[in-house]
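So the chains spell out like this:
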Amino acid sequence: MLEEYLCGETAVLIRPVGGEPSLSHNADKPFRSASVIKLFILSYCIESGADESAVLKVNPRDRVGNSVLSELKSSSVTVGDAMTFMIASSDNTATNLLIRESGMDAINAYIKSIGCRGTVISRKMMDFAAAERGEENYTTLSDCYTVMTRLMKSDRAKEILSAQKDRERLMRYIFGGVAGYTKSGDIPGVFNDVGVIAAGGKEVFAGVLTDGFDRAAAKRLCGKVGLAACGACSPVTGREAELG
């Protein structure tokens, strides 16, 4: 079902949380992360004990694209709301504020401290000038598995992740009875989705990273990986939504 999608432009990992991989392809190869990098920022904020009631000032120059805060011209936001916006609507302004508040060096040090060697934050969201200079954010599916297993231990993280609204990727062919704690991301040439799919008392990590891969094919790949994580090969609904 998945063999035709496995190439140098894709990475796929299906792995029960706490178990061994059932499918691993390029899991340790760094890919451009796009918004998947926001999982690592969320984990840093939660594990560092960030004060969610603290208020962050939003200056006009802070407002970037793909952002509720920018559209509303908000002048401030709490750390807790910024964390939620960053995941639920992939808000880039909220993400940049959290990077500024936390410090990029501190976040990168945290990433290394939890054993992630292929993930790095080199620039803020929507910083096209930095991207042109070669400053890019990278991750691996092995690192994504590591951070997701940590996030799944936090009720607060699960609350935020469950608010993520993109169900057109890993959850594409799953129509009920399954909880998805996922984070998608895409920039030109990149189409990603990673997370944990939970049903039937089991939790399975599923992840797809692509770079230079056909976008329509990447969507299909994500959907099929989500199904495979459920132990299925056709759309899952209702009582059929039992993992493996």
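Structure report, in brief. If you're wondering where the values come from, they're calculated on a predicted model, not measured in any experiment.

1. Things to note about the nonpolar core
(1) Moving on: Membership of the largest hydrophobic core comes to 48 residues, with the highest contact counts inside it found for Leu39, Leu98, Met148 and Phe205.
(2) Moving on: Beyond its immediate stretch of four places on either side in the chain, Leu98 contacts Ile41, Cys45, Leu56, Val79, Ala82, Met83, Met86 and Gly103.
(3) Moving on: Membership of the second largest hydrophobic core comes to 24 residues, among which are Ile174, Leu221, Leu227 and Ala229.

2. Some thoughts on the layout of surface pockets
(1) Moving on: Roughly 450 Å³ of internal volume is contained in the largest pocket.
(2) Moving on: Looking at the largest pocket, it is lined by 27 residues, and the ones nearest its centre are Ala34, Ser35, Asn92, Asp186 and Ile187.
(3) Moving on: Secondary-structure elements contributing two or more residues to the lining of the largest pocket are α3 (79-88), α6 (128-132) and β7 (179-187).
(4) Moving on: Ranked by the residues each element gives to the lining of the largest pocket, the list is headed by β7, at five residues.
(5) Moving on: Partitioning the lining of the largest pocket into residue classes produces nine nonpolar, ten polar and eight charged.

3. Focus: the side chain of Thr93
(1) Moving on: Among the secondary structure elements, Thr93 is positioned in helix α4 (residues 92-102).
(2) Moving on: Polar side-chain contacts of Thr93 include one of 3.0 Å to the side chain of Ser67.
(3) Moving on: Once residues within four sequence positions are removed from consideration, Thr93 is found in contact with Val58, Asp62, Arg63, Val64, Ser67, Leu69 and Ser70.

4. Quick look at the side chain of Thr119
(1) Moving on: Its location among the elements puts Thr119 in the loop between α5 (104-113) and α6.
(2) Moving on: Overall, the relative accessible area of 7% leaves Thr119 in the buried class.
(3) Moving on: In terms of polar contacts, Thr119 uses its side chain to reach the side chain of Thr139, at 2.8 Å.
(4) Moving on: Here the side chain of Thr119 touches Asp143 through a polar contact of 2.8 Å, side chain to side chain.
(5) Moving on: When sequence neighbours within four positions are dropped, the list of residues in contact with Thr119 reads Ile37, Phe40, Ile111, Tyr138, Thr139, Thr140 and Asp143.

5. Describing the pattern of salt bridges
(1) Moving on: Following the criterion strictly, the structure yields eleven salt bridges and no others.
(2) Moving on: The partner of Glu168 in a salt bridge is Arg172, and the shortest N-O contact between them spans 3.6 Å.
(3) Moving on: For the salt bridge of Arg169 with Asp186, the shortest nitrogen-to-oxygen distance reads 2.5 Å. Placement of the pair is Arg169 in the loop between α8 (155-161) and β7 and Asp186 in strand β7, with a sequence separation of 17 residues.
(4) Moving on: Shared partners join several salt bridges into a network, and the residues in it are Asp166, Arg169, Asp186 and Arg215.

6. Some thoughts on unusual backbone geometry
(1) Moving on: Of note in the backbone geometry, Ala34 takes a positive phi value of approximately 50° without being a glycine.
(2) Moving on: Of note, the phi angle at Ser90 is positive, near 50°, even though the residue is not glycine.
(3) Moving on: Looking at the secondary structure, you find Ser90 in the loop between α3 and α4.

7. What about the state of the cysteines?
(1) Moving on: One pass over the full model with this rule turns up zero disulfides.
(2) Moving on: This cysteine, Cys45, is not joined by any disulfide, and Cys116 carries the nearest cysteine sulfur, 15 Å off.
(3) Moving on: Residue classification places Cys45 among the buried residues on the basis of a relative accessible area of 2%.
(4) Moving on: Just so you know, Cys222 is unpaired, no disulfide at all, and the nearest cysteine sulfur is the one on Cys144, 12 Å from it.
(5) Moving on: Cys222 sits in the buried class, given a relative accessible area of 0%.

Each value, and the rule that gives it
Residues numbered from 1 in each chain as written. Predicted model: local features only at pLDDT ≥ 70, side-chain atom pairs only at ≥ 80, totals over all residues. Heavy atoms only, no water. Core = buried A, V, L, I, M, F, W, Y, C linked by side-chain atoms within 4.5 Å. Buried < 20%, exposed > 50% of the residue type's maximum accessible area, 1.4 Å probe, protein only. Contact = heavy atoms within 4.5 Å. 1 Å grid on protein atoms, 1.4 Å probe; cavity = no way out; pocket = protein on both sides within 12 Å on 5 of 7 lines; lining within 4 Å. Points joined across faces, edges and corners; volume = space filled by probe spheres on them. Helix = DSSP H or I, 4+ residues; strand = E, 2+ residues; numbered from the N terminus. Nonpolar A, V, L, I, M, F, W, Y, C, P; charged D, E, K, R; others polar. Polar contact = N/O pair within 3.5 Å; in protein donor to acceptor, adjacent residues only side chain to side chain. Salt bridge = Lys/Arg side-chain N within 4 Å of Asp/Glu carboxyl O. Disulfide = S-S within 2.5 Å.

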